[in-house]
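A structural walkthrough
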Amino acid sequence: MATQITKTNGHGGVPGDGSDGQPERFLEGNHTYQTLGDKIGAIVLTQKPPRVWFIVAALAFLLVNVLLATITYLLFKGVGLWGINVPSGWGMDIINFVWWIGIGHAGTLISAILLLLRQQWRNSINRFAEAMTIFAVVCAGLYPLLHTGRPWLAYWMFPYPNWLALWPQFRSPLIWDVFAVSTYMTVSLLFWFIGMIPDFATLRDRARSRFAQIAYGAVAMGWNGSAKNWHRYETAYLILAGLSTPLVLSVHSIVSFDFAVAVIPGFHATIFPPYFVAGAVFAGFAMVLTLGLPIRHLYNLKDLITARHLDWMAKVMLTTGLIVFYGYLTELFYGWYSANVYEVALVQNRLFGPYKWVYYALLFCNGFVPQILWLQKARYNIAILFTVSMFINVGMWLERYVIIPVSLSRDYLPSSWGYYTPTVFDWSMFIGTMGLFTLLMALFMKFLPAINIFEMKDLLHRMTHSHKNGHGHANGTDGHVTGEPLQSGFLPEGTPSADRNGG
Amino acid sequence: MATATHVEAPSGPGLYGMIAEFDDSEALLAAVRRTREEGYRNMDAYTPFPVHGMAEALEFEDNRLPWLIFLGGLGGAAGGYALQYYINVIDLPLNIGGKPLHAWPNFIPATFETTILLASFAAVFGMLFLNGFPRPHHPIFNAKRIELASQDKFFLCVEAGDPRFDARGTRLFLERLPGVRHVSEVEDGDD
């Protein structure tokens, strides 16, 4: 079944394929440049948000208040409010940090790596995936910040001249983390922002209200679509994608160093960097689907985020899921093969210890459930995709639970063993960050262009252009290309097009 | 084809250029090539998405940005490493578990991050700077229908600064280009 898709993808077009419920295209419907702008622009400019938007935003706002109340009480009482205590000095705070930052990675993967690989199917999902990255990193950043106990002194982690003669210690992975996460946040914000500049200009020129014209005009910074500006813009965007790619790999590698450099059994493993990065992509794609499926339905974006997008995202999840599962098996093998009493004890602790239910739930969520995505029917079924992605979201959280408290609560000395239990404030903080994430996503959907308008126009242009070539009148001076509705069954180039940035 | 009979008053010095509108990028690309063949040099195209081959057609070349980014990265790498060396070796030498003070592998992660950070700053702010952003107003915004350049129309503006520019002659030339929809004057002035 999968080969059939690849085959039709490679050809210029197979008429009629889109009509039988097996859509094979990345842009459907009779779109023109104008209708693409209308549809995406209207979500921000004229359309009243769907009723569900208000319900979701209100609930999320409520949860943000839960978060704020928790943080206030936490600052008042101290981090002992969380369930962390010797021997588990890290608990849900670090689990959630790693979980959120991992979720962020799919956004950068989609926007940067798929851009470099010239995968044009990313065009309709990259913008909200990038937004997801930034909001996830915001949620992630809260945890280490508050975990310091005195967040008002967090600037001590940055190297700046001061009268305390105090400097950060660069031989510690925790300070690498400060550099990695703050660079990741900054570069993701810049990437997101410059990606939106041409779309801000589109909104500025479409807006009817004076306020919207001024607001979008200000952030468009005077963009006028000049070819000279586009030339520098594309250079900057492409190089930034090239910089973001090693950056995203470095961030989760460095997060994994927080563990791998330590000598705790279960932490000290060389497989951690690639295993963490694959897990991050796995979790991130699950979150893209968790958000994308409802957004696609509510805003009726089925023509822009097609079933084929969902199919490909499911395949990425399946692949990275297998890598992650391989990581689990390697950890078991490593424990046995090391013949080290502590490593063997760790494996026994995972399989038969007090947290064994977490480990089995993890294997079920991340190892077993995603295997249904081998079936093409499952990849085209919205309900199944959504359920699988929810399982993965939970599974990736459990994975960090298995790594952190399960390892920490039983290290070398049985006399210092303990049992980690999260408190109600761990949970209220976690649910609160979910509220913050959801509220930020809701505001993003309302105020910013959720789909990249100019890249969709570019995609449409490529589709109509190769259509014209296919029919032998490519001189292109008759001036009617955009007026023509897109022919049904017509395919974009799924494979990299030779002229992309290559001229 | 715009109506050639509609002749506007001869333009004075307050003219930025003459702008022609097209319906699609291929027509615009062909028009740009034709205009250059005619000998015009000072011109720019305005499009809703990046048209590939347009920079080549305009013979526009600007390689400063990649160099700026490279210098940013180089500065980030050298600066990041030097900062760590100064802090952990010179200014605050602490013996941590007998590790060498200049434990260079431990300095690599932060060096890598500062490299990426400064190169990205150079990419973003360099692009904004070279493009002259933020620029609240540009004479091209005086053009009629130019707001469609961010929607679905494609424009070519021959600037008055071009030695061959002549309001009447340039207008007649642009009006004869295949696929052209409208031709109009663009007034100069920043506000």
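Structure report, in brief. All values derive from a computational prediction rather than experimental measurement.

Concerning the packing of helix H4 (residues 92-116) of chain A against helix H5 (residues 126-147) of chain A
Residues and elements named next belong to chain A. Where H4 meets H5, the closest approach of the two axes is 7 Å, and the angle between their N-to-C directions is 155°. When the interaxial angle is binned, H4 and H5 end up roughly antiparallel. For the crossing formed where H4 meets H5, the hand is left-handed. In terms of residue class, the contact of H4 with H5 is made up of 14 nonpolar, 8 polar and 2 charged.

Side note on the interface of chain A and chain B
You'll often see interface size given as the accessible area lost when the parts meet. If you look at the interface, chain A gives 63 residues, while chain B gives 72 residues. Interface area, chain A with chain B, both sides summed: about 6,000 Å², of which 65% is carbon and sulfur. It is Trp167(A), Arg171(A) and Arg232(A) that lose the most area in chain A upon contact with chain B, and together they represent 15% of the buried surface on that side. Our count for the chain A to chain B interface comes out at 1 salt bridge. With a closest N to O distance of 2.6 Å, Asp62(B) and Arg232(A) form a salt bridge. At the boundary of chain A and chain B, one finds 27 residue pairs in polar contact (both at pLDDT 80 or more). Ranked by residue count, the leading element in the side of chain A that touches chain B is helix H8 (residues 227-260) of chain A, at 17 residues. When its residues are assigned to classes, the side of chain A that touches chain B shows 28 nonpolar, 22 polar and 13 charged.

Quick notes on helix H3 (residues 64-91) of chain B
Since the α-helix turns once every 3.6 residues, residues separated by three or four places project in the same direction. Taking 1.5 Å of rise per residue, 28 residues should cover 40 Å, and H3(B) covers 37 Å from first to last C-alpha, within 8% of that figure. Residues Leu65(B), Ile69(B), Gly72(B), Gly73(B), Gly76(B), Gly80(B), Gln84(B), Ile87(B), Asn88(B) and Val89(B) constitute the buried set of H3(B). Looking at the packing, one finds that the buried side of H3(B) touches H8 of chain A together with helix H4 (104-130) of chain B.

Topic: the sheet that holds strand S2 (residues 43-46) of chain B
Residue and element names in this part refer to chain B. Taken in spatial order, the 4 strands of this open sheet run S2-S3-S1-S4, and their pairing is antiparallel. Unpaired on one side and paired on the other, S2 and strand S4 (180-187) mark the two borders of the sheet. On average, adjacent strands in this sheet sit at an angle of 20° to one another, irrespective of strand direction. Two elements, strand S1 (residues 15-22) and S4, share 7 bridges in a ladder whose sense is antiparallel. The partner of Phe 22 across the bridge, within S4, is Val 180. The strands touched by helix H1 (residues 25-37) are S1, S2 and strand S3 (154-159); relative to S3, the strand with the most contacts, the crossing angle is about 15°.

The rules behind each value
Residues numbered from 1 in each chain as written. Chains lettered and ligands numbered in written order. Predicted model: local features only at pLDDT ≥ 70, side-chain atom pairs only at ≥ 80, totals over all residues. Heavy atoms only, no water. Axes fitted to C-alpha atoms, helices over the stretch in contact; angles between N-to-C directions. Helix = DSSP H or I, 4+ residues; strand = E, 2+ residues; numbered from the N terminus. Parallel < 35°, antiparallel > 145°, perpendicular 65-115°, else oblique. Left-handed = near helix turned anticlockwise from the far one by under 90°. Nonpolar A, V, L, I, M, F, W, Y, C, P; charged D, E, K, R; others polar. Contact = heavy atoms within 4.5 Å. Buried area = accessible area lost by both parts, 1.4 Å probe. Salt bridge = Lys/Arg side-chain N within 4 Å of Asp/Glu carboxyl O. Polar contact = N/O pair within 3.5 Å; in protein donor to acceptor, adjacent residues only side chain to side chain. Expected span 1.5 Å × (residues − 1). Buried < 20%, exposed > 50% of the residue type's maximum accessible area, 1.4 Å probe, protein only. Pairing = 2+ DSSP bridges.

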